[in-house]
Amino acid sequence: MSIADNLLKYKKELEGTAAKLVAVSKFHEASEVMEAYQAGQRVFGENLVQELVEKQAQLPDDIEWHIIGHLQTNKVKYIAPFINLIESVDSLKLLIEINKQALKNKRVIDCLLQVYIADEDTKFGLGYDELIEILRSEEYATLQNIRIVGLMGIATNTQSEKQIRDEFQELKVLFDGIKVTYFRKDDYFTELSMGMSADYKLAIDEGSTMVRIGSNIFGKRVIKHYKAE
Ligand SMILES: *Cc1c(COP(=O)(O)O)cnc(C)c1O
């Protein structure tokens, strides 16, 4: 199946659900992103800043770019002029830097707080206590150029459907709790980004509003190494 065929399949499948599609194009060429764009896709996710910056420069301006991988503080400045959503905010320090760079660019940058839900220590993300600590901090309250629009999580890479489902449920419960406690009056706190190629169906069942799908659309990734990362 071609990239366009895969996209159409997902478009159909997601119709009538609450989930929108983030096409994860990391390690795939700009020409492949263009193929997806021509098939109607506008939202793309990337992991690495350098790769994202290179593609953004070559591709149409009406693409909505998300960064979904761990973001180093010193790289924020490269994406601040154009990034639409930073899905992987995992510290207050990073949030403060995003705010600073957003201000420089006279923008407000939307962010998701990435929550650690997996049973693997290789994954990034905030623990429950750290998440609450950020939302209660005085520093957070002063940040005028960022907007927290929801939460993101990555489930454990396991064959156990029950475990994945439990992790997504846990994240949904947390999302609902955070919404009523900290964002009661903020109608923009709406996004729950969960689900990838292997587990997006479970994620949608459990309340995902954003699925991040890479290999099922673009095919297998060949890992590339970027010097500056
Ligand atoms: C790579 C990646 C994806 C997409 O993974 P696939 O299994 O290829 O769908 C989704 N989310 C994050 C955070 C990723 O790093």
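Our structure's up above, just so we're on the same page.
The rules behind the values
- Residues numbered from 1 in each chain as written.
- Predicted model: local features only at pLDDT ≥ 70, side-chain atom pairs only at ≥ 80, totals over all residues.
- Heavy atoms only, no water.
- Helix = DSSP H or I, 4+ residues; strand = E, 2+ residues; numbered from the N terminus.
- Polar contact = N/O pair within 3.5 Å; in protein donor to acceptor, adjacent residues only side chain to side chain.
- Contact = heavy atoms within 4.5 Å.
- Buried < 20%, exposed > 50% of the residue type's maximum accessible area, 1.4 Å probe, protein only.
- Pairing = 2+ DSSP bridges.
- Phe/Tyr/Trp six-rings, centres within 6.5 Å; stacked < 30°, edge-to-face > 60°.
- Lys NZ or Arg CZ within 6 Å of the ring centre and 35° of its normal.

## A few points about the side chain of His66
- Here His66 shows up in strand 3 (residues 64–67).
- At 2.8 Å, the side chain of His66 and the side chain of Glu64 are in polar contact.
- There is a polar contact of 2.7 Å between the side chain of His66 and the side chain of Glu87.
- Sequence-distant contacts of His66, that is, excluding residues within four places in its chain, are made with Val22, Val43, Phe44, Gly45, Glu46, Ile83, Leu85, Glu87 and Met210.

## Points about the pairing of strand 4 (residues 85–89)
- Most of strand 4 is tucked away, with 5 of its 5 residues classed as buried.
- Of the pairings in the sheet, the one linking strand 4 to strand 5 (residues 109–115) comprises 3 bridges and is parallel in character. What sits directly across from Ile86, in strand 5, is Cys111.

## Some details on the packing of aromatic side chains
- Considering all chains together, one arrives at 4 aromatic pairs under this definition.
- Between Phe44 and Trp65, the aromatic rings sit 5.9 Å apart at their centres with planes inclined by 45 degrees, giving tilted as the arrangement. With Phe44 in strand 2 (residues 43–46) and Trp65 in strand 3, this residue pair connects regions lying 21 residues apart in the sequence.
- You can call Phe44 buried: its relative accessible area is 0%.
- Seen in terms of ring centroids, Phe175 and Phe189 are 5.0 Å apart; in terms of plane orientation they differ by 15 degrees. Their pairing is stacked. Of this pair, Phe175 sits in helix 8 (residues 161–182) while Phe189 is found in the loop between helix 8 and strand 7 (191–193), placing the two residues 14 residues apart along the sequence.
- Ring pairing ties together the aromatic residues Phe175, Phe183 and Phe189, which thus form one cluster.
- The residue whose ring lies beneath Lys9 is Tyr10, and the NZ or CZ to ring-centre distance is 4.5 Å.
- The cationic tip of Arg42 hangs over the ring face of Tyr37; the distance from NZ or CZ to the ring centre is 3.6 Å.

Geometry only, nothing functional implied.
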